[in-house]
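Below, each chain spelled out in residue letters.
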Amino acid sequence: MHGVFRIAGKVAKALQINGPFNIQFIAKDDKLKVIECNVRVSRSFPFVSKTMDLDLIKIATRVMTGAEYTVPPLVDVRAQRRRRMSGARCPSFHSTAWQAPTLRLALI
């Protein structure tokens, strides 16, 4: 996970992103590569907010508007690990005509 945070930080700095963004990685041979980066939030944003019990939308709005904000210590991923918190989201489909009989884990 350290590599994910390091790379995401570099991308955010290089693109001067000051709000939430969606970034996707691919891992091969113990190396991470960015395959997509969008300066927008994904459907996972409310999921992560709820899992962490933190109003990320409120914080992101304050960051993007230049208003003062504080980030509670709860955001620290190391603190999350100590609390043993995790969440998993599986894809959901509106039609079952084409979907595979099993669903796979989409997000941890």
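These figures come from a predicted structure and were not determined experimentally. (Residues numbered from 1 in each chain as written. Predicted model: local features only at pLDDT ≥ 70, side-chain atom pairs only at ≥ 80, totals over all residues. Heavy atoms only, no water.)

Engineer: I'd love a proper account of unusual backbone geometry, names of residues and values included.
Structural biologist: With a phi angle near 55 degrees, Gln16 is a residue other than glycine that sits in the positive phi range. Within the secondary structure layout, Gln16 lies in the loop between helix H1 (2–14) and strand E1 (22–28). Even without glycine at this site, Asp29 takes up a positive phi of about 55 degrees. Mapped onto the secondary structure, Asp29 falls in the loop between E1 and strand E2 (31–38). For Asp29, a relative accessible area of 65% puts it in the exposed group. (Helix = DSSP H or I, 4+ residues; strand = E, 2+ residues; numbered from the N terminus. Buried < 20%, exposed > 50% of the residue type's maximum accessible area, 1.4 Å probe, protein only.)

Engineer: Break down the nonpolar core for me, with residues and values.
Structural biologist: The biggest cluster of nonpolar side chains holds 6 residues, and these are Phe45, Met52, Leu54, Leu56, Ile59 and Ala60. When contributions to this core are tallied by element, the ones reaching two or more residues are helix H2 (44–52) and helix H3 (56–65). Looking at this core, the element that brings in the most residues is H3, giving 3 residues. Not counting the four nearest positions on each side in its chain, Ile59 is found in contact with Leu54, Tyr69, Thr70, Val71 and Pro72. (Core = buried A, V, L, I, M, F, W, Y, C linked by side-chain atoms within 4.5 Å. Contact = heavy atoms within 4.5 Å.)

Engineer: Give me the side chain of Asn22: which residues, what numbers.
Structural biologist: Locating Asn22 in the fold gives a position in strand E1. Filtering out sequence-adjacent residues up to four positions away, Asn22 remains in contact with Glu36, Cys37, Asn38, Arg40 and Ser42.

Engineer: How would you sum up the environment of Gln24? Please name residues and give values.
Structural biologist: Looking at the secondary structure, you find Gln24 in strand E1. Residue contacts for Gln24: discarding those within four places in its chain leaves Lys33, Val34, Ile35 and Glu36.

Engineer: Go over the pairing of E2 with me, naming the residues and quoting the values.
Structural biologist: Where E1 and E2 come together, 7 bridges link them in antiparallel fashion. In the sheet register, Asn22 faces E2, and the bridge partner there is Asn38. Counted along the chain from E1 to the antiparallel partner E2, the turn is 2 residues long, and its residue Asp29 has a positive phi close to 55 degrees. (Pairing = 2+ DSSP bridges.)

Engineer: Any chance you could break down the environment of Val11 for me, citing the residues and the numbers?
Structural biologist: Here Val11 is to be found in helix H1. Along the backbone, Val11 and Val34 are 23 residues apart, and their C-alpha atoms lie at a distance of 9.2 Å. The contact partners of Val11, leaving out residues within four places of it in the chain, are Ile23, Val34 and Cys37.

Engineer: Residue-level account of the confidence of the model for the chain, with values.
Structural biologist: Within the chain, residue pLDDT values average 76, and 66% of them lie at 70 or more. Here helix H4 (residues 77–83) stands out as the least confident element of the chain, with mean pLDDT 58; E2 is the most confident, with 90. (pLDDT = per-residue confidence, 0-100.)

Engineer: Break down H3 for me, with residues and values.
Structural biologist: Every buried residue of H3 is listed here: Leu56, Ile59 and Ala60. The arc that holds the buried residues of H3, viewed along the axis, is 95 degrees, so those residues lie on one side. In this structure, H3 carries Lys58 and Thr65 as exposed residues pointing more than 90 degrees from its buried face. Here the buried face of H3 lies against H2. (Arc of directions from axis to C-beta.)

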